[in-house]
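Each chain, letter by letter, is given below.
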Amino acid sequence: MRSYARHQGAAVNYGVICADMKSNDNASLNDDTVASYVKALKKIFVVEDMKAWNPNLRSKTAVRTSDTRYFTDPSIGVAALGVGSEDFLNDLNTFGLFFETMAVRDLRVYAQSLDGELYHYRDKNGLECDAVLHRRNGTYGLIEIKLGGDGLIEEGAANLNSLEKKIDTTRMKAPSFKMVLTGTGMYAYRRKDGVYVVPIGCLRD
């Protein structure tokens, strides 16, 4: 569980998790054993991976197709690592990963209510989108998840705009919305470039 928690929010294969477990827990493990563990955790809804989104792109950029690893409840990962609020204040990068897990959990709930599903995007050049909400009617939205702060919001918006430019709108619809989902703020607003900045507490509205 600790090894899985260390790699949540990342598109890593079982070999990476296995290597982490060997270096920290049990040197006798192999990839097949780790895969069986994860499969069992999926069956009891402890973990739920997010599939890769493969849009029609103008370029020939290769899209990474590995699933992104998540716990269904971020508190499971917190308990597995044995960390608390003070640890997160001293390590905002790790805090950001757990916030992303919480945001993905909430987004999945709202996506299901909209007859949609959540995916992630990452290409070989490192351009990524934390979540793509894709509905059965073909509409979709691009979402970046950031703790907050002007710098991170700008970074998220730039990623969304870059991905939008790569999408071949002659072969599929343009995104219905672009959103940076944040952990701070009280009000949602729309930037001049069309990107919505939405505090996680405003999602239900």
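Coordinates for the structure precede this section.
This report concerns the structure included in the present document. (Residues numbered from 1 in each chain as written. Predicted model: local features only at pLDDT ≥ 70, side-chain atom pairs only at ≥ 80, totals over all residues. Heavy atoms only, no water.)

What about the pairing of strand S2 (residues 128-135)?
Thinking step 1. In this structure, strand S1 (residues 116-122) lies alongside S2, joined through six bridges in antiparallel fashion. Residue pairing for S2: Tyr-121 is matched across the bridge by Cys-129.
Thinking step 2. Across four bridges, S2 lies against strand S3 (residues 140-146) in antiparallel orientation. Each residue of the ladder has a partner; that of Ala-131, found in S3, is Ile-143.
Thinking step 3. Linking two consecutive strands that pair antiparallel, namely S2 and S3, is a turn of four residues; a positive phi of about 95 degrees is found at Gly-138 within it. (Pairing = 2+ DSSP bridges. Helix = DSSP H or I, 4+ residues; strand = E, 2+ residues; numbered from the N terminus.)

Quick look at the side chain of Glu-144
Thinking step 1. Structurally, Glu-144 can be placed in strand S3.
Thinking step 2. A polar contact is formed between the side chain of Glu-144 and the backbone nitrogen of Asp-130, at a distance of 2.9 Å.
Thinking step 3. A polar side-chain atom of Glu-144 sits 3.0 Å from a polar atom in the side chain of Asn-159. (Polar contact = N/O pair within 3.5 Å; in protein donor to acceptor, adjacent residues only side chain to side chain.)

Overview of the side chain of Asn-161
Thinking step 1. Inspection of the secondary structure puts Asn-161 in helix H7 (residues 150-166).
Thinking step 2. Among the polar contacts listed, one links the side chain of Asn-161 to the side chain of Lys-178, at a separation of 2.7 Å.
Thinking step 3. Each residue touching Asn-161, except ones within four places of it in the same chain, is listed here: Lys-178, Asp-193 and Val-195. (Contact = heavy atoms within 4.5 Å.)

Topic: H7
Thinking step 1. End to end, H7 covers 25 Å across 17 residues, agreeing with the expected 24 Å (1.5 Å per residue, within 8%).
Thinking step 2. By the burial criterion, the buried members of H7 are Ile-153, Gly-156, Ala-157, Asn-159, Leu-160, Asn-161 and Leu-163.
Thinking step 3. The inward-facing, buried residues of H7 contact S1, S2, S3, strand S4 (177-182), strand S5 (189-190) and strand S6 (195-199). (Expected span 1.5 Å × (residues − 1). Buried < 20%, exposed > 50% of the residue type's maximum accessible area, 1.4 Å probe, protein only.)

Description of the sheet that holds S4
Thinking step 1. Taking strand neighbours across the sheet as the criterion, the six strands line up as S1-S2-S3-S4-S6-S5 in an open arrangement whose pairing is mixed. Pairing within the sheet leaves two strands with one partner each, and these edge strands are S1 and S5.
Thinking step 2. As defined by bridge partners, S4 adjoins S6 across five bridges and the pair is classed as parallel. Its bridge partner being in S6, Thr-182 is matched across the sheet by Pro-199.

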